[in-house]
Amino acid sequence: MRSPTINFFYIVKVFFLLLCSSTQANASWLTQSSLHLEQLLKSNPEQLQELNEPAVVDFYRERKYMPLWSNAKGRLDRAYDLLQIIMHAEEEGLEPSDYHLKKIMEYWDSKAPKDSAQLDLLLSAALYRYSNDVYSGRYKPRDIDTDWHIQNTPLDSYSLFADVARKTSITQFLESLPPHHSGYQLLKKGLRRFRDIEQQGGWKKLKRGPTLELGMQHEQIVQLRQRLETEHDLVEDSLRDISIFDHGLEEAVIRYQLRHGLKADGRVGPQTRRTLNIPVSERIRQVRINMERWRWLPRELGRRYLMVNMTGFELYLVDNDSILLSMPVIIGKAYRSTPSFSGLISTMEYNPYWTIPTNMAVEDYIPRQVQDPSFFARRSIKLYRGWKDAREIDPQTVEWSKLDKDNFPYWLRQEPGPDNALGRIKFLFSNPYEIYLHGTPDKHLFERTVRAFSSGCIRVKDPVRLAAYLLNDGTQKMEEEILANIHLGNNQSIRLPISVPIYLVYWTAWADREGSINFRPDIYNRDSQLNRMYGR
């Protein structure tokens, strides 16, 4: 009988031999995988364009082509993390199929060194593409919308791969890549709700019929109640099977109309009916398009900033991701549309002069002066020649018929006053488009639902209140001080204590303060290219 000591040493020896055998097998697998990986990266048989990116090529070369996602035992935790993120890319408004998912699954279960090497490259290509897409956009802004001029810092792909290689689990890291702005996150929640509605069959179309309104009894009213319940405009409806249009239904219709930029009269006429009949699939696409636009924005907008929501005809003053102030605005006409761009407001003017742009002077103002020689005088508009040593010219001495936009040696300026087109306050910010915020004497235009009346600049309804917030915290005392300065009548330039970033953005879907998704028509036709991309 063997002694316990001999048995112990025998077991240790066997364990050591097995360990050596396993280590040799691992080393052999790693060597083979690295060789295959180097060859496959150079030949790129799957034609993965991401493998041509310097960040990917340099990453593998620096680590001597050691696999990132597998070892001899199988897939590493980070590979499972990436796979799960890709499989749920729809939650970010993206398509899982864009990230080589089908090919990844073909190689997933194989432990053969060559297959593992191919899988490694597929996963790295997916990581590169998904991370860049979810961070700064699936598409390049200027390729899609020539009027988008807001710059975003692209993802550092070199750091991306270095960070992933250092981590065992990358779920939290990948989840940090999409925009953290509440506007994006609320759209993401809305996308989930609309997809749930789609999976349940969507909503039925309201057939042609009469205008539905308070007090009316009609067979379509039950269907209308169901339609408004679907998007939570109508809640806790105890009369859901009753075909009478009551006050509760009227309030729900108004909520729906406000969310869609319609005239909020509580009546279901042709326009409201058409909007109700837009299919949920189109609403899903609209939400995805505007999630993409959020990815085009900088990750840091500033602690305090202004945002002009052009299709909503609204301005917001945001502080720590909360809206401090909102007010109606007027934007550019369709043929003089306001571009999307950003700047920094640092200066205001009380009682501003308005130097009329040359194209407007020639196309709009000169014809009025020709028709009515007193037009300039009545509007306090003066005509000048030269800039450095400008001379005022009597309009009656000019032969207007000999002038056009290519031959116009003059410039027009409107004097400060209650009829000045810029109102009483002008807010200047850096941009190459000669666009700024300003007041207006035409206050009645703010009563319109659709407010695209300007020549590109942004008219604000309450410039005094906005100025008070930009100068301090919007107190009544500050408003009174501003009004006192305005009533002096002279042109004054005021430097803001802190410059404030401003973003002019084009949303056709966004979430309001309550998290409800609002939709608007594509007034500038800027969704068209993205519609084609997301409608494929």
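Residues numbered from 1 in each chain as written. Predicted model: local features only at pLDDT ≥ 70, side-chain atom pairs only at ≥ 80, totals over all residues. Heavy atoms only, no water.

Talk me through the nonpolar core; I want residue IDs and the actual numbers.
Grouped together as the largest cluster of nonpolar side chains are 76 residues, with contacts concentrated most on Tyr 60, Trp 69, Ile 104, Phe 194, Leu 297 and Met 307. Those residues within four positions of Phe 194 in sequence are excluded, and the remaining contacts are Trp 203, Glu 231, Val 280, Arg 283, Ile 284, Val 287, Ile 517 and Phe 519. One finds Leu 325, Ile 366, Ile 435 and Val 460 within the second-largest nonpolar core, a separate group that totals 56 residues. (Core = buried A, V, L, I, M, F, W, Y, C linked by side-chain atoms within 4.5 Å. Buried < 20%, exposed > 50% of the residue type's maximum accessible area, 1.4 Å probe, protein only. Contact = heavy atoms within 4.5 Å.)

I'd love a proper account of the side chain of Lys 426, names of residues and values included.
Within the element layout of this structure, Lys 426 appears in strand 11 (residues 425-429). Notably, Lys 426 is buried but unbridged: the nearest opposite-charge side chain belongs to Glu 349, and the N-O separation is 4.4 Å. (Helix = DSSP H or I, 4+ residues; strand = E, 2+ residues; numbered from the N terminus. Lys, Arg positive; Asp, Glu negative; His and termini not counted. Salt bridge = Lys/Arg side-chain N within 4 Å of Asp/Glu carboxyl O.)

Describe the layout of surface pockets, listing the residues and the values that go with them.
The space that makes up the second largest pocket amounts to roughly 980 Å³. Around the second largest pocket, the lining comprises 41 residues; the ones closest to its centre are Trp 354, Pro 357, Met 360, Tyr 365 and Ser 455. Those elements that provide at least two residues to the lining of the second largest pocket are strand 7 (354-356), helix 14 (358-371), strand 10 (410-414) and strand 13 (452-454). No other element matches helix 14, which puts seven residues into the lining of the second largest pocket. (1 Å grid on protein atoms, 1.4 Å probe; cavity = no way out; pocket = protein on both sides within 12 Å on 5 of 7 lines; lining within 4 Å. Points joined across faces, edges and corners; volume = space filled by probe spheres on them.)

Before we move on, can you summarise the packing of aromatic side chains with the specific residues and values?
The final tally for this structure, using the stated rule, is 20 aromatic pairs. The cationic tip of Arg 368 hangs over the ring face of Tyr 365; the distance from NZ or CZ to the ring centre is 5.5 Å. In this structure, Lys 426 packs its charged tip against the face of Tyr 436, placed 4.4 Å from the ring centre. (Phe/Tyr/Trp six-rings, centres within 6.5 Å; stacked < 30°, edge-to-face > 60°. Lys NZ or Arg CZ within 6 Å of the ring centre and 35° of its normal.)

Which residues make up the pairing of strand 5 (residues 322-332), and what are the values?
Note: strand 4 (residues 314-319) against strand 5, six bridges, orientation antiparallel. Paired with Val 318 across the strands is Ile 323, a residue of strand 5. (Pairing = 2+ DSSP bridges.)

Help me get a handle on the pairing of strand 6 (residues 341-350), residues and values and all.
With eight of 10 residues buried, strand 6 is to be regarded as a mostly interior element. Here strand 6 runs beside strand 15 (residues 492-505); their pairing, made up of nine bridges, is antiparallel. Paired with Met 348 across the strands is Ile 494, a residue of strand 15.

I'd like a rundown of the sheet that holds strand 10, residues and numbers included.
The strand order across the open sheet built from four strands is 7-10-8-9, with neighbouring strands paired in antiparallel fashion. Because the sheet does not close on itself, it has two edges, and the strands there are strand 7 and strand 9 (391-393). Neighbour-to-neighbour, the strand axes of this sheet turn through a mean angle of 40 degrees, independent of strand direction. As judged from the three bridges shared by strand 8 (residues 381-385) and strand 9, these two strands associate in the antiparallel manner. Within strand 9, the residue paired with Tyr 384 across the bridge is Glu 392. (Axes fitted to C-alpha atoms, helices over the stretch in contact; angles between N-to-C directions.)

Note that all results are geometric; they support no functional claim without further evidence.
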